[in-house]
Every structure is written in C-alpha cells, then in structure tokens.
Amino acid sequence: MSRLSLHPHRFFDPLKEVRDIAAELYENVKHLPIISPHGHVDPKLLAENKPFPNPAELIIIPDHYIFRLLYSQGIALESLGVPTVDGTPVEEDPRKIWQIFADHFYLFAGTPTAAWLNYEFAEVFEIPEKLNGENAQQIYDHIRNKLSTPEFLPRALYQKFNIEVLSTTDGAADSLEYHKLLRESGWSGKVVPAFRPDGVVNIAGENWKEEIKALSAAVGEEIHSYKSFIAAIEKRRKFFKEMGATSTDQGVLSPYTHKLSDEEAECIFQRALKGKADAEDQALFTANMLMEMARMSIEDGLVMQIHPGALRNHNDFIFRRFGPDKGCDIPVQTEYTNNLRELLNAYGNDPRLTLIVFTLDETNYARELAPLAGHYPAMKLGPAWWFHDSFQGMVRFREQAMETASIYNTVGFNDDTRAFPSIPARHDLSRRVDCNWLAGLVARHIIDMNEARQMSRALAYDLAKEAYKF
Amino acid sequence: MSRLSLHPHRFFDPLKEVRDIAAELYENVKHLPIISPHGHVDPKLLAENKPFPNPAELIIIPDHYIFRLLYSQGIALESLGVPTVDGTPVEEDPRKIWQIFADHFYLFAGTPTAAWLNYEFAEVFEIPEKLNGENAQQIYDHIRNKLSTPEFLPRALYQKFNIEVLSTTDGAADSLEYHKLLRESGWSGKVVPAFRPDGVVNIAGENWKEEIKALSAAVGEEIHSYKSFIAAIEKRRKFFKEMGATSTDQGVLSPYTHKLSDEEAECIFQRALKGKADAEDQALFTANMLMEMARMSIEDGLVMQIHPGALRNHNDFIFRRFGPDKGCDIPVQTEYTNNLRELLNAYGNDPRLTLIVFTLDETNYARELAPLAGHYPAMKLGPAWWFHDSFQGMVRFREQAMETASIYNTVGFNDDTRAFPSIPARHDLSRRVDCNWLAGLVARHIIDMNEARQMSRALAYDLAKEAYKF
Amino acid sequence: MSRLSLHPHRFFDPLKEVRDIAAELYENVKHLPIISPHGHVDPKLLAENKPFPNPAELIIIPDHYIFRLLYSQGIALESLGVPTVDGTPVEEDPRKIWQIFADHFYLFAGTPTAAWLNYEFAEVFEIPEKLNGENAQQIYDHIRNKLSTPEFLPRALYQKFNIEVLSTTDGAADSLEYHKLLRESGWSGKVVPAFRPDGVVNIAGENWKEEIKALSAAVGEEIHSYKSFIAAIEKRRKFFKEMGATSTDQGVLSPYTHKLSDEEAECIFQRALKGKADAEDQALFTANMLMEMARMSIEDGLVMQIHPGALRNHNDFIFRRFGPDKGCDIPVQTEYTNNLRELLNAYGNDPRLTLIVFTLDETNYARELAPLAGHYPAMKLGPAWWFHDSFQGMVRFREQAMETASIYNTVGFNDDTRAFPSIPARHDLSRRVDCNWLAGLVARHIIDMNEARQMSRALAYDLAKEAYKF
C-alpha cells in the first residue's frame with residue numbers, strides 16, 4: 001500500500017530559494033474564489049442537484065483525457081462503458097470499469113490527469129491510499145459512500161470549491177432551461193451561460209439542417225436566408241446576455257477571418273440550405289461569421305472567444321461508434337498573423353471589443369500571438385489550452401508569451417472542463433505553476449516581491465474577472 | 001517608495017552552484033568593449049553631439065517596444081506624443097507623456113523592456129527609486145538635469161558605454177553625410193554604416209519610384225533598366241565600403257532565393273517602373289536580389305545579413321496615421337531549408353561569403369537554421385532577434401541551436417536598437433544570459449571552466465568582431 | 001594538459017535534491033543490457049571481426065556529425081579523408097586527418113558529439129587527457145595500440161558494451177550474407193536486420209532501375225509490374241523475418257499516406273519503369289507504399305518505423321563529389337495530423353500493428369505526435385532523433401510529449417548510429433537524461449520514487465524490448 005498525500009510544495013521548484021517564494025505567493029492566492037469563465041459543466045447538474053451516480057460514471061465515462069489514454073494502450077472503449085451511438089453494447093457494471101481503470105492507473109504517471117485525479121482523490125474524497133488494482137474496489141466503495149452524503153451534492157461541492165462564478169457553454173438554440181431553473185431556485189451560486197454557435201455556423205456539418213431548425217424554433221421565426229440567420233444570432237445573443245452570459249465562443253479549424261458581401265454570404269447560405277455547401281463554403285462562411293461575431297460583440301458587449309486548431313473526429317471508427325468528443329480531436333498547425341488580420345484591422349483598435357484567442361499550436365505563442373496581443377487593444381491571450389493545460393504546458397505559455405505580451409494582455413485561467421469535481425484541482429495546479437513561475441523571476445531578480453504579489457493575484461483572480469466582465 | 005537597485009546576480013540561476021560560476025564568467029567579460037555590429041542608431045546623434053531633449057523624447061517616443069505595449073492596453077499613441085503622418089495633433093507636453101508612461105510602468109514587469117529601462121535608470125541616470133506614477137515628475141526632473149550636463153552628450157555616453165564600434169543601418173541612396181562629418185571631426189569613436197537596400201528592392205512599395213529617383217541621384221545616373229539598377233547597387237556598396245561599412249542587410253518577408261535570368265529580371269523591373277509590379281513580382285525580384293547581393297558580397301567582401309519574417313504594418317489604421325515602425329510588425333512562419341537552397345548551393349560553399357541569417361520564427365532554430373549553419377561554411381546564425389532578444393528568448397536560442405550549430409557558427413550579440421542609451425543594458429543582459437547558460441553546462445559537467453571562459457569571451461566579443469570583419 | 005575524466009554526475013541537475021535522486025535512479029539502470037533496435041552499424045564488422053583500422057578511419061571518416069561541423073568552419077572534406085565518388089583525391093595519411101580533427105576539437109564544446117567522444121575516449125579507450133592539437137599524435141598512438149589488441153575486436157567490444165541485441169538497417173535487395181555468417185558462426189551475440197525499402201520505393205531516384213534490378217535478382221523473378229513489385233516486397237519481408245528481423249523502416253520526405261487503386265499504382269509504376277516518374281509520382285507512390293507496408297505489418301507482424309522530414313543532399317556540390325550521408329541532409333517542416341490520417345484510420349485501431357513514428361520537426365511533439373500516440377492503439381513515438389539526440393533535445397522530447405502521450409506510448413531509446421564504438425556513450429547519455437528528468441518530477445512531487453524506478457527501467461530497457469518484439 002502506498003499512502004496518498006499531496007505534498008504542500010508539489011509543482012514548486014525544488015530549490016529552496018525559489019520554493020520558499022513560490023510558497024509565500026501561493027499562500028496569498030490559494031483561498032481566492034474560483035472564477036471559471038470558460039468550461040463545459042452541464043448546468044443540469046447544479047439545477048437538479050441530485051447525487052452523483054457511481055465513481056465510474058462520475059470520473060471515467062465522461063472524461064476523454066482518461067479513456068483516450070487507456071484506449072491508446074489497447075483497452076476497448078466498450079469495456080470502459082463509454083456509450084455508443086451505433087447500438088454496440090458496452091460494459092454496464094461500474095465496478096468492472098473502475099477495476100480496469102485502477103489496473104492501468106500507472107499509465108498516467110507524470111500526466112496532468114494524474115495530478116488532477118490525485119487532488120480529487122485526496123482533497124475532495126479524502127482517500128488515504130494511491131489507487132491501484134488491488135485497492136480498486138475499496139476505493140470504489142469509499143467514493144460511492146461519499147457520493148451518497150449531502151456534502152457531495154453538486155451545489156454543496158460548488159460552495160466547498162469556493163466558486164464565485166461558473167460559465168457553461170451552450171448551443172445557439174439552447175433553451176437555457178437549467179439556467180432558468182437555477183435563477184429561479186433562489187440558490188446563491190452564480191452559473192452563467194456562454195453563447196457557442198458552432199452547430200449553426202458549421203454549414204457543411206451533417207446535422208446542420210436540424211441545428212437551423214432548432215434555431216428557427218428558438219427564435220420563433222423560420223430561417224430561410226442569411227439575413228434571417230444573422231437576425232436570429234443577434235436575437236439569441238440578446239437572450240443569452242439576459243440570462244447572464246458575458247461571453248461567446250467559437251471553435252474553428254482555422255482562425256481565418258474575412259467579411260463576405262451580403263450577396264456572397266446569402267449565396268453560400270442558400271447552397272447550405274440545399275445541402276450542397278462544401279468545405280470551401282464552410283471555411284468562407286466561418287471566416288465571415290468571425291467578422292460578424294466581432295461586430296456584434298462591439299454592439300452588445302459580449303466578450304468574444306476563439307478556440308482554433310482542432311481537427312475534430314480524426315478517427316472515423318471511433319466517431320461512428322461513439323460520436324464526438326472521444327479523445328480523437330487532434331491539433332493542426334495554425335496561423336494567426338494573416339488569418340486574424342482582417343478582423344483586427346476592422347475591430348482590433350476598438351476598445352469596446354475584447355477578443356480572447358486560444359491556441360493548440362504552441363509555436364504561435366512567441367511568434368504570432370504575443371506580438372498581436374502586445375499591440376492590439378482588443379486582443380487578449382487565453383491560457384494554455386487542453387493538451388497544454390499541464391505543468392510543462394503552462395510553463396511554456398508563461399516563458400514563451402509573457403515577455404512580449406505582458407501578463408496584462410492575458411486573462412488568467414480557464415479550467416475548460418466537463419469534469420465538475422476536477423475544477424479545484426485544475427485551478428490549484430494553475431495557481432501553483434504561476435506562483436512558481438513568478439518565484440523564479442523574483443529569485444533571478446527580474447521582478448520584486450511587490451510585483452510578484454500583484455501579478456500572482458492578477459493571474460489567479462483579477463484578470464479573469466475583469467476580462468470576462470464579471 | 002521602492003528603491004531601484006540592480007542586483008549583481010540578476011538573471012543568474014538562483015542555485016549557488018550555477019550562480020557562482022556564472023558570476024565568475026561574467027566578471028571576465030563585463031568590461032569588454034561593446035561591439036555593436038547591427039543597429040539603428042541615427043548617426044546624426046553622434047555627428048552633431050547635441051544634448052538629448054527631454055526624457056519623453058529620449059525614451060518613450062522613439063521606442064516601439066514601449067508604446068506598443070501601452071497601446072495594447074488602450075492608451076492612444078497620440079497621448080504619448082508619437083508623431084503622426086496624417087496631421088492628427090498629438091500630445092506635446094513631455095511631462096504629460098512621461099506621467100502616462102510612469103502610471104503604467106507596472107505593465108512591463110517581467111518584459112525585457114523593464115530590464116533595459118531599469119538598467120538605464122539605475123546605471124546610466126543613477127535614479128534611486130523605481131519609477132511609478134507618484135515619483136514620475138521628480139524622476140523626469142532628475143533625467144532632464146542629467147541630460148543638460150556634458151557627461152550626457154552622445155559622444156560622452158559612447159565613451160562611457162565603452163563602445164568599440166557601432167554600425168548604423170542606412171538606405172541605399174543615403175548620402176552618409178553624418179558618417180562623413182564624424183570621420184572629419186577627428187573624434188576617436190568608430191561609427192560605420194551598413195548598406196540596406198530594402199527601399200529600392202521593394203518594387204511594389206508605395207514609395208519605390210522616389211527611392212529609385214534618390215538612388216539615381218546618388219549614383220549620378222538615371223536608373224532606367226535592371227542592368228543600370230544593379231550597377232547602381234554595386235556602386236553604392238563600393239561607396240559604403242569606402243565609408244567604413246563592413247556589412248549589408250536585407251529585411252525580407254520570406255528568405256526565398258532564386259536567380260532570375262537577365263531577361264526575366266529586366267521584364268519585372270520595367271513593370272515596376274510602370275508602377276505595375278505586383279506581389280509576385282516583388283517576391284521574385286527580392287529572391288533574385290538576395291542572389292545578387294550574395295554574389296556582390298563574394299566580390300567586395302561585405303558581410304551579408306538577412307532579417308526575414310516580419311509582416312510589416314499589420315495594422316492599417318496605425319500605419320496610415322503614424323507611418324512604419326510603430327510596433328505593429330508581426331512575425332510570420334518562415335521556411336529556410338528550401339528557400340535558402342539555391343543561394344547556398346550557388347555561394348554557400350565559398351569561404352569568401354559570410355551570410356548571417358536571423359529569424360523571428362524560433363521553430364527554425366533547431367529544425368533548419370542550426371543544421372544549415374552547422375554544415376555550410378558561409379552561413380552563420382544571427383543572435384536571438386527582436387521579440388526574442390529577451391531573457392527567455394536568448395535562453396531558447398542557446399538551448400535549441402547550439403548543440404547542432406556550435407557557438408562557433410554564431411556571431412555574438414547584436415543590440416539592433418534605435419535607443420542609444422539602452423545599448424549597454426542590452427549587451428549586459430546578453431552577456432549575463434550567455435554566462436549563465438555556460439555556467440549551467442559547467443555545473444552539469446558538459447564543458448569545463450577553460451572552455452566556458454573561452455566561449456563566454458567569444459560570445460561577448462570575439463565572434464562579433466570576427467564575423468563582421470572589424 | 002587537461003585531464004579527461006567523466007564526472008559521475010554529468011548531465012544531472014546541479015541541485016542536490018534532484019541530483020541525488022537522478023543518481024539513485026541511474027544506479028539501477030546503468031548496468032542493464034543495451035537494446036539497440038534501430039541503427040546503421042555494418043554487420044560485416046561483427047561478421048568478420050577484424051581489428052578496426054586506425055583512429056581516423058574508426059572515428060572521423062565515417063561520422064557525418066564530426067566532419068559536417070569541421071566543414072562548416074571551412075575545413076575541406078578532402079583534407080579529412082572523406083572518400084569521393086568523383087575521383088577527386090583525398091588525404092590518405094590518417095595522422096594528418098587526426099591532427100586537423102584534434103586542432104579543431106574545441107569546436108564541439110557543448111555538442112552531443114563531444115559528449116559521445118569524451119565517453120568513448122575515457123571509457124572505451126581509457127585516454128587520460130583531453131584531446132587537443134598538442135597531444136593529438138600521442139592519443140593517436142594510444143588508440144591505435146588499443147585497436148590492435150583482442151579486447152578491441154568488434155565482437156569483444158559488443159560483449160564489453162553489454163549489448164543484448166543490435167539491429168542493423170538493410171536494403172530490400174540485401175543478401176544479408178553477413179547476418180547469415182553471424183548466425184552460422186556460433187557466436188552468442190544477437191544481430192538482426194531491419195527491412196528498409198527506400199531504394200526501391202524512391203521511383204524517381206537516379207539509381208531506381210538498378211535497385212529494381214537487384215530486387216528482381218534477390219527474389220529470382222523479374223519485376224515488371226506493380227503487382228510483381230508488391231509480391232517481391234512481401235517475399236523479402238518474409239526472408240528478413242526468417243533472418244531475425246522484427247522491424248521495417250522507411251525514410252520519407254513527408255509522412256503523407258494514401259492508398260492508390262491498383263490501376264493508379266500500376267500506371268505510376270509503369271511510368272517509373274520508363275524513367276518518367278516525376279516528383280508527384282514519387283510522393284503518391286511513397287504515400288501508397290506506407291499504406292501497403294502497414295497492411296503487410298499487420299499480416300507478418302513486423303514492427304513498422306517511419307523516419308520523415310529530412311531533405312536529403314541539400315548541398316549539390318557535396319553530393320556530387322562525396323555522395324549521400326555527408327552531413328547535408330536538412331530537416332523540413334513536417335505535418336502528421338492530416339498526413340497520417342488515412343493510414344491511422346485504416347490500421348491505427350488494429351492492435352496487431354505497431355507503428356513507430358519519428359520526427360525531425362519538434363514542433364510536432366506536443367501539437368500532433370503526442371495527441372496521436374495518446375489515442376491510437378497502434379501508434380508509438382520514436383525517441384528524439386538525429387539532431388535532437390542530444391542533452392537538450394532529449395529534454396525537450398520528454399517535456400513536450402510525455403504529459404499527453406505518457407511514456408508508455410514511447411519505445412525507449414534508439415542509438416541510430418553508424419559509429420559502433422559510440423553505442424554505449426549514446427545509451428549512457430539517454431539513460432542519464434531520462435533519470436534526471438524523472439528525478440525532477442520526483443523532486444517536484446509529481447511522481448513518487450516507486451513510479452520513477454519503474455519508469456526509468458521502462459525507458460532504459462523494457463519499452464524498447466517490448467515495442468520491437470525482442
């Protein structure tokens with residue numbers, strides 16, 4: 001048996017001269033409330049506030065970070081209970097799923113998933129031992145027992161986690177019914193939606209017609225033209241804003257931006273309605289919608305986010321059997337300097353716009369993103385994202401982008417997670433990495449302690465709160 | 001109030017075992033004269049040797065590193081006194097400009113600009129306190145008083161800075177009148193020009209016709225053909241060489257190299273004379289001129305520099321109102337292996353050529369540039385440039401390029417600055433980073449102290465002096 | 001004179017808290033046998049077991065890492081005895097060659113070549129002094145004397161180096177006669193071939209017709225069609241497997257994969273037979289052959305390796321005079337996400353395939369390769385390759401790829417060398433770097449010592465043995 005304990009100095013530099021400074025800075029920010037301005041938690045969870053089901057359904061089945069790595073080692077997703085869309089039966093016994101996970105938990109050594117899970121196990125569930133194949137069932141029982149107590153209901157955890165505000169991500173046609181329920185419930189927690197129109201923007205997508213139908217229904221008007229489409233988007237943004245949203249988000253393959261004439265846009269839109277839009281139409285329409293979304297943001301004040309560079313559903317077999325978001329979205333090289341130029345020229349000098357740009361292509365941190373954010377008033381850099389939301393990934397972001405962009409053109413941390421109980425683990429890791437990075441600057445006499453204290457607080461709390469207008 | 005003092009160990013590793021070695025190495029190089037083989041100081045400054053005006057005009061208005069970051073935070077360039085080209089009035093009170101800068105000086109924490117400025121404030125101006133909004137006017141007075149003393153005349157600073165040679169960068173048609181005045185003045189300082197023909201090579205540029213007119217005037221012959229253009233370039237190179245130049249420089253979007261036939265070149269040149277050269281003509285003509293400049297370098301012995309990869313004037317609004325070099329040149333991805341192949345095959349095996357290649361795309365350090373420089377006798381690597389002339393940027397250059405290229409295929413440091421009083425700060429930072437990098441190698445037993453001493457001296461002084469033929 | 005001694009803590013972190021852990025981990029792996037699953041040692045060496053000739057022919061003439069750097073500093077390859085293919089005479093006195101090398105040995109300070117050579121000099125040849133121009137001839141004598149003793153015969157060194165298995169790399173038509181001799185000799189060493197069909201796949205290559213002729217001879221059937229070509233490849237793979245091969249390898253400019261129809265493939269093949277295949281034919285044919293090789297690997301169980309991204313023979317002058325592999329192969333940017341998609345969709349979910357992918361473009365470590373290997377069951381990452389098989393290069397690979405891929409989707413170390421006596425030096429460096437990387441994780445409390453011990457052993461021995469099916 002191996003005791004599970006989180007070392008107070010984890011992720012800090014092992015050199016005492018740096019570590020002590022890091023620890024002092026961390027002490028000042030660790031209790032700050034969590035601002036979670038971008039993520040994928042299901043609002044239903046907090047609206048209904050029902051107990052979480054078993055450990056497998058809580059931790060493994062919804063987390064593509066976990067099951068993608070198990071899959072890479074030859075473990076079938078069916079055996080992990082990942083639901084299929086093609087009717088293939090999957091393992092239904094959560095204890096068996098948990099056992100497979102525990103048997104292979106060693107695979108995660110050194111990955112951010114292990115860091116998050118060990119925090120979750122130790123801090124949230126107070127599990128005394130490291131998970132392995134032998135204690136798997138005991139730990140299963142331990143977690144299951146906790147989940148049945150009132151302290152582990154979603155809203156209780158939200159309070160325990162010290163969350164000040166949590167943003168979800170919601171489709172353009174979403175009724176936001178759970179957000180409504182939350183508002184009406186009188187609960188003190190603040191959960192807001194974010195407007196993500198990808199489904200209705202991806203005109204070459206398989207489900208686009210259904211998405212448009214849903215959007216038509218949501219606005220109570222049939223969308224038969226580009227003009228009515230834009231009107232619907234504006235209407236929905238208004239509704240989201242009324243429901244508390246402060247931001248929008250778009251996931252795009254490329255951040256190419258280009259304003260089409262109304263005629264061009266209409267022509268492409270009509271092709272899409274006939275089911276004939278191709279990849280080029282899609283690319284142009286997306287480029288145009290980025291321009292439109294920026295314009296609307298200037299008008300309605302919603303913060304604009306762009307998440308480019310993921311080639312979705314790289315593995316056809318997995319996509320057909322299990323659907324999207326199953327760990328097979330793979331980054332591609334991304335270009336920003338030319339692609340964002342039209343948008344930045346049109347709107348980047350306007351202080352009313354806040355444009356937060358993310359990347360999965362770290363080669364852009366120093367080359368393109370920091371110089372752009374270090375010049376245009378509207379542009380800010382989103383934190384290290386997805387595969388880069390890790391110890392080394394966050395270090396690279398700080399080391400490569402901050403000297404040119406300055407931390408004041410960044411927006412703090414996003415946990416970007418679907419895994420609700422991992423939220424404090426992710427913020428804790430980010431705060432540790434940032435404090436340790438600043439400690440390294442202090443120890444090298446590049447900044448002083450006053451600056452470091454102000455900067456660590458900014459990175460942990462202030463920048464996110466300000467940039468996202470909470 | 002916070003005391004401004006430069007820690008003797010700044011930028012060194014906080015681990016004593018490394019720091020002590022770094023300090024010992026630094027001790028041996030810190031007093032070496034400064035070789036400044038590439039930069040943008042105005043020779044008029046030293047030729048006229050007049051007192052610098054006020055702190056705002058000395059430090060803020062000419063430095064795009066400073067005002068681009070202020071602009072990114074929503075501060076109008078007009079309020080910083082940056083001169084306009086479209087007649088828009090700008091702030092004329094240097095005290096007000098200085099106050100804005102001081103109010104926002106915290107934005108620079110952790111950036112190389114702060115490192116340079118703090119050195120300048122502490123070492124050059126002996127300012128006892130850190131700049132902030134409260135002491136802004138006192139510090140303004142302090143600097144202004146210093147500037148009115150003989151010790152702060154440009155030539156006195158040149159001597160104080162221990163500069164051995166300073167190269168400026170000058171257009172193809174430049175009369176080099178200030179270089180002439182300097183030579184004739186009997187002053188002992190060595191200031192030499194470098195030949196930069198970008199203005200006359202950029203055939204699709206708005207001002208190209210005027211540039212060609214000026215070049216015609218400079219050579220006393222009308223340039224009406226490609227042949228006469230090449231003859232003019234050769235003539236000007238000869239003149240620059242006579243005036244002390246040892247190098248040329250070209251800023252290009254891409255380092256694509258390709259020799260055109262005389263007919264092709266002439267044809268493009270004639271299109272340009274008619275004002276009809278397009279982007280493709282421009283690209284081909286530049287590719288051809290890189291070949292021609294290499295040929296001429298073999299003939300006249302001038303060292304050839306290439307600075308590729310900046311997309312100039314990304315922000316149209318700023319360009320139209322304020323002109324070029326206003327902090328909105330943004331790097332783009334750059335390719336060297338294929339692009340330089342024709343030039344390197346034609347001239348890269350010739351020991352008479354020294355070709356110094358720079359990059360704004362760090363992905364090339366290890367992948368393309370180090371293998372090329374580690375093979376071709378003619379090719380050397382320029383130091384970490386522009387956005388990468390920073391603590392972490394220089395570390396990345398050393399760590400990514402030196403194992404394959406060897407330091408002996410590099411050329412020491414370039415300060416590349418317009419900001420004359422920042423020169424010693426920049427060389428000091430570079431020497432510290434290099435000594436610290438070598439100290440890390442010694443502490444890991446990769447090199448020994450004898451090697452480190454020789455290498456630190458080479459990086460601080462010898463390599464630049466030799467490569468640039470001073 | 002400067003004593004040559006290898007510090008026991010070389011390449012470890014100078015911080016005691018990390019170094020002690022690194023040393024402890026290293027102690028556990030340093031005596032593990034060497035698995036050398038990919039390299040370029042000539043099997044003739046061990047089959048004939050003749051004494052090595054002189055130091056120059058042993059160390060300098062075959063090592064492009066060494067002579068490329070000397071060449072970059074203006075030293076003619078002729079003066080180093082590098083054999084020409086155009087009849088140009090070269091230096092034949094090994095003492096003169098050795099002297100030039102020794103005079104310039106300082107150039108290698110801080111490069112992996114110096115690390116390997118110093119290990120070789122100190123550990124293999126027990127040379128007491130650092131090599132320099134003055135002791136060059138003494139050290140020459142010292143090595144030459146050693147080489148004439150039985151302890152320095154190739155097989156004796158193989159045993160001394162504690163090699164468990166050594167894979168060579170062999171052309172498709174190779175008779176494997178030396179592998180046969182080795183098997184028949186009764187010697188206990190295990191030397192196996194690997195199947196590398198580049199010569200017969202490169203249909204636009206100058207020697208392709210001769211390669212095909214040799215392949216025809218090897219299979220005893222004339223290859224006149226794509227179909228007979230594929231049959232020949234399958235036959236040769238079978239023969240290689242019988243001779244002990246467990247893997248294949250392909251060096252390709254791009255990892256583009258695409259299955260051609262039989263008609264398309266045949267059509268291109270016929271064009272090639274007529275000497276009319278162009279660059280596009282070559283690219284398509286290679287893309288198709290990667291698909292075919294994957295299919296065959298699933299059928300016969302040979303592990304598939306791909307080494308993409310080297311633009312071969314960048315320097316025409318060197319290629320014409322000295323032939324291939326002369327230090328002028330230069331990496332190019334490489335794309336994996338789109339290029340490997342067809343192959344991974346066809347075969348990447350099949351656990352019978354092991355596909356080991358290498359890169360010379362480190363920008364792919366975190367962006368494309370780690371996410372792909374962290375998802376597809378068939379795909380594994382090859383170690384830091386060629387220019388990146390260095391202290392910093394290996395650190396970058398670990399830091400950039402492991403958090404997403406997990407070490408368990410990697411395959412340990414490859415020495416990939418032609419330089420037989422450098423094998424233990426290379427494995428020693430790799431083991432040191434890995435132990436030190438793991439020690440850093442332990443000291444930051446990211447993994448514990450049990451995990452580190454298991455991981456260090458996996459990286460040093462187990463992963464290579466398992467992945468390559470030894």
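Residues numbered from 1 in each chain as written. Chains lettered and ligands numbered in written order. Predicted model: local features only at pLDDT ≥ 70, side-chain atom pairs only at ≥ 80, totals over all residues.

Attention now moves to the domain arrangement of chain A. Residues and elements named next belong to chain A. For chain A, the assigned domains are domain 1 (16-47 + 161-467) and domain 2 (51-152). Each of domain 1 and domain 2 has a C-alpha centre, and the two are 28 Å apart. Taken together, the elements giving at least two residues each to the side of domain 1 that touches domain 2 come down to α15 (316-322) and α19 (423-443). Element by element, the count of residues in the side of domain 1 that touches domain 2 is highest for α19, at 5 residues. Its residues assigned to classes, the side of domain 1 that touches domain 2 comprises 7 nonpolar, 4 polar and 8 charged. (Domains from an automatic or database assignment. Helix = DSSP H or I, 4+ residues; strand = E, 2+ residues; numbered from the N terminus. Nonpolar A, V, L, I, M, F, W, Y, C, P; charged D, E, K, R; others polar.)

Residue and element names in this part refer to chain C. Read across the open sheet, the 3 strands follow the order β1-β2-β4; overall the sheet is parallel. The open sheet has two edge strands with one neighbour each: β1 (34-36) and β4 (191-192). As judged from the 3 bridges shared by β1 and strand β2 (residues 163-167), these two strands associate in the parallel manner. Considered in β2, the bridge of S36 is made with L166. (Pairing = 2+ DSSP bridges.)

Below, the discussion takes up the relation of the copies chain A and chain C. The transform that puts chain A on chain C rotates by 120° and translates by 0.0 Å along the axis, for an RMSD of 0.0 Å. Such a combination of turn and shift is consistent with a three-fold rotation axis. Comparing interface residues between copies, only 5% of those in chain A also lie at the interface in chain C; the contact surfaces differ. (Least-squares fit on C-alpha atoms with pLDDT ≥ 70 in both. Contact = placed C-beta atoms within 7 Å.)

Here strand β2 (residues 163-167) of chain A runs beside strand β4 (residues 191-192) of chain A; their pairing, made up of 2 bridges, is parallel. What sits directly across from S167 of chain A, in β4 of chain A, is V192 of chain A.

Moving on: the relation of the copies chain B and chain A. Expressed as a screw transformation, the operator carrying chain B onto chain A has a rotation angle of 120° and an axial translation of 0.0 Å, and the superposed copies differ by an RMSD of 0.0 Å. Mapped onto chain A, only 5% of the interface residues of chain B again fall at the interface, so the copies present different surfaces.

All names here are of chain A. Here helix α14 (residues 279-300) contains 22 residues, and its C-alpha end-to-end distance of 31 Å stays within 8% of the 32 Å for a straight helix at 1.5 Å per residue. Among the residues making up α14, those that are buried are Q282, F285, T286, A287, N288, M289, L290, M293, A294, M296 and S297. Of the residues flanking the end of α14, it is G301, one or two places downstream, whose phi is positive at about 85°. (Expected span 1.5 Å × (residues − 1). Buried ≥ 20, exposed ≤ 12 C-beta atoms within 10 Å, placed from the backbone.)

This part is about the environment of Y256 of chain B. Residues and elements named next belong to chain B. Looking at where Y256 falls in the secondary structure, it is placed in the loop between β6 (247-252) and α13 (262-273). Residue class for Y256 comes out buried when judged on the 22 C-beta atoms lying within 10 Å of it. If we skip the residues at most four places from it in the chain, Y256 touches A283, A287 and N339.

Taken together, the contact pairs 42 residues of chain B with 39 residues of chain A. Elements that contribute at least two residues to the side of chain B that touches chain A include exactly α4 (64-72), α6 (112-124), α15 (316-322), β9 (330-331) and α18 (391-405) of chain B. Counting residues per element, the side of chain B that touches chain A draws most heavily on α4 of chain B, at 4 residues. In the side of chain B that touches chain A, the residues fall into 20 nonpolar, 17 polar and 5 charged.

So, about the interface of chain A and chain C. If you look at the interface, chain A gives 42 residues, while chain C gives 39 residues. The set of elements that each furnish at least two residues to the side of chain A that touches chain C consists of α4 (64-72), α6 (112-124), α15, β9 (330-331) and α18 (391-405) of chain A. If one sorts the elements of the side of chain A that touches chain C by residue count, α4 of chain A sits on top with 4 residues. Here the side of chain A that touches chain C is built from residues that sort into 20 nonpolar, 17 polar and 5 charged.

Next up on the list: the sheet that holds strand β1 (residues 34-36) of chain B. Spatially, 3 strands are ordered β1-β2-β4 (chain B) in an open sheet, and the strand pairing comes out parallel. Of all strands in the sheet, those bounded by a partner on one side alone are β1 and β4 (191-192) of chain B.

Residue and element names in this part refer to chain A. Here helix α1 (residues 16-29) crosses α19 at 130°, and the two axes come no closer than 8 Å. Our classification of the angle between α1 and α19 gives oblique. Crossing of α1 over α19 shows right-handed handedness. Judged by residue contacts, E17, V18, I21, A22, L25, Y26 and V29 of α1 engage R431, R432, C435, N436, L438, A439, G440, V442 and A443 from α19. Across the contact of α1 with α19, the residue classes tally to 11 nonpolar, 2 polar and 3 charged. (Axes fitted to C-alpha atoms, helices over the stretch in contact; angles between N-to-C directions. Parallel < 35°, antiparallel > 145°, perpendicular 65-115°, else oblique. Left-handed = near helix turned anticlockwise from the far one by under 90°.)

To continue, consider the confidence of the model for chain A. Here chain A averages 97 in pLDDT, while 100% of its residues score no lower than 70. Both scores are given for the predicted complex: the pTM is 0.98, the ipTM 0.98. (pLDDT = per-residue confidence, 0-100.)

Here we take up the packing of α19 of chain A against helix α20 (residues 449-467) of chain A. Residues and elements named next belong to chain A. Close contact between α19 and α20 brings their axes to 10 Å; oriented N to C, the two are set at 160°. When the interaxial angle is binned, α19 and α20 end up roughly antiparallel. Where α19 crosses over α20, the handedness of that crossing is right-handed. On α20, the residues that touch R431, D434, C435, L438, L441 and V442 of α19 are M449, A452, M455, S456, L459 and A460.

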